[in-house]
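Examination of the molecular architecture
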Amino acid sequence: MPTTPMYIVSVADDNYAQHLGVMLCSLFENKKPTTNIELYIIDGGLSSENKEKIFSIVNFYKTKLVCLSVDRNLYTNCLVDKYISMAVYYRISIPDIIPKHIDKILYIDCDTIILNDLTKLWNTNMRNKVVGAIADLPETSSDRKKVLCIPESSDYFNSGVLLINVIKWKEFDVGWKVRSYLREYPERISFWDQDALNAILYDKFLVLSERYNVMIFLQSNRIPRTYRNLPVILHYIGQKKPWHLTHGGALSKYYFNYLEKTPWNNSLSLKDKKMMLTSFISDKISFLFIKHGFLRNYEVLFQLWRFSVYRDFTYSDIKYRFLNKHKTLFEFLRNIKKTLRSLLVRI
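A brief structural summary. All of these numbers come straight from a predicted model, not from anything done at the bench.

With respect to the helices and strands, the residue T63 is situated in the loop between helix 2 (48–60) and strand 3 (64–68). Of note is the side chain of T63, whose polar atom sits 3.2 Å from the backbone oxygen of Y61. Setting aside residues no more than four positions away along its own chain, T63 makes contact with F28, I37, L39 and V58.

Pasting the structure below:
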């Protein structure tokens, strides 16, 4: 007897088509065989080529995919910038355009990686709340609550992962209220639809476990210790993303591991891969300088070591593959340390 599908929705335009493909690949690779998924993608401006690639991923994993469209005129005056297109607002329309028989959906941002099965998240008791979401980082929440006039006792949530009670959403007319808020208070908006959703739903959302939206900055180079053995969804927040090749870091490996399994696996040029390797090595050298106090001569040493690396490694040695050439990360770092000490003697 077939199980009830888990209805998962995401939004993408051509700028995020590749990253949607990576997220979907991680979703399929880590779901249980018994988990039945039905996908809905809101087309924010996808080319036929990118649609074909996305469908090829979904077909490989034998999953149903439906593409939906949104009335873009609803969001023409909304705040956008060089990093964010109008497509970021389209999730507001999801409950109004999905098939009428669906009473619950799980929305997931494209800049995420799924590391485990989502069944427990899907089966969460919504307790008559409109959405289930994860409280945002304190440094973000405090300021936004003041600006949006949200009571200090309430939480401010991150909208990258949303478990939506469709019935309650429509009952409360969330879509219309959020769009009205965006029109009436543009001066209060910094984080696009997320701000408006919080202003409307701050007392109508269920706080979910943080493991379902582990928010990470690439600069940190590590998953916060609290979630290290438990993360289900990693969310690359901030402007620096794994695909911005000059912003590498150890946490980018999750993205590139799944990128290799998608039709975009050959999208990186030799120049790009060199940049990725350089960024990765720079991160490790920075770590050593901070740990051992080798702060002077940092730029000189890095330039010398970078050109040494380029002589030995070219095409395939991007970050995570470079690590495989060493038995352990500790050995790799120890070798860098020896190299740095030898260079320090010469300077």
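Next comes the rest of the account.
Take the packing of helix 1 (residues 17–30) against helix 2 next. When two helices pack together, their arrangement is given by the angle between the helix axes and the distance between those axes. Contact geometry for helix 1 and helix 2: axes closest at 10 Å, N-to-C directions at 5°. Relative to helix 2, the element helix 1 is oriented roughly parallel. Every residue of helix 2 that contacts helix 1 at A17, L20, G21, L24 and F28 is listed here: N50, I54, I57 and V58. The residue inventory of the contact of helix 1 with helix 2, partitioned by class, reads seven nonpolar, two polar and no charged.

A separate point is the pattern of salt bridges. Pairs may arise between side chains of opposite charge once their charged atoms sit close together. Taken as a whole and assessed by the stated rule, the structure comprises 11 salt bridges. Of the charged contacts, one joins D109 and R91 as a salt bridge, the two residues approaching to 3.5 Å between their closest N and O atoms. With D109 in the loop between strand 4 (104–108) and strand 5 (112–114) and R91 in the loop between strand 3 and helix 3 (94–97), this pair connects stretches of sequence that are 18 residues apart. Neither D109 nor R91 differs from the other in exposure class; each is buried. We note a salt bridge from K145 to E152, for which the minimum N-O separation is 3.7 Å. Here E152 falls in the exposed class, since its relative accessible area comes to 57%. One salt-bridge network, held together by shared partners, links R91, D109 and D193.

A few words on the environment of R183. Counting through the fold element by element, R183 comes out in helix 7 (residues 174–184). Remark: the alpha-carbon pair of R183 and A196, spanning 13 residues in sequence, is separated by 10.0 Å.

Glancing now at the layout of surface pockets. Each pocket or cavity is described by its volume, and for the largest pocket that value is around 1,000 Å³. Among the secondary structure elements, those contributing two or more residues to the lining of the largest pocket are strand 1 (6–12), strand 7 (157–165), helix 8 (192–201) and strand 10 (233–236). Of the residues forming the lining of the largest pocket, the biggest block, three residues, is contributed by helix 8. In terms of residue class, the lining of the largest pocket is made up of 16 nonpolar, 11 polar and nine charged.

The rules behind these values
Residues numbered from 1 in each chain as written. Predicted model: local features only at pLDDT ≥ 70, side-chain atom pairs only at ≥ 80, totals over all residues. Heavy atoms only, no water. Helix = DSSP H or I, 4+ residues; strand = E, 2+ residues; numbered from the N terminus. Polar contact = N/O pair within 3.5 Å; in protein donor to acceptor, adjacent residues only side chain to side chain. Contact = heavy atoms within 4.5 Å. Axes fitted to C-alpha atoms, helices over the stretch in contact; angles between N-to-C directions. Parallel < 35°, antiparallel > 145°, perpendicular 65-115°, else oblique. Nonpolar A, V, L, I, M, F, W, Y, C, P; charged D, E, K, R; others polar. Salt bridge = Lys/Arg side-chain N within 4 Å of Asp/Glu carboxyl O. Buried < 20%, exposed > 50% of the residue type's maximum accessible area, 1.4 Å probe, protein only. 1 Å grid on protein atoms, 1.4 Å probe; cavity = no way out; pocket = protein on both sides within 12 Å on 5 of 7 lines; lining within 4 Å. Points joined across faces, edges and corners; volume = space filled by probe spheres on them.

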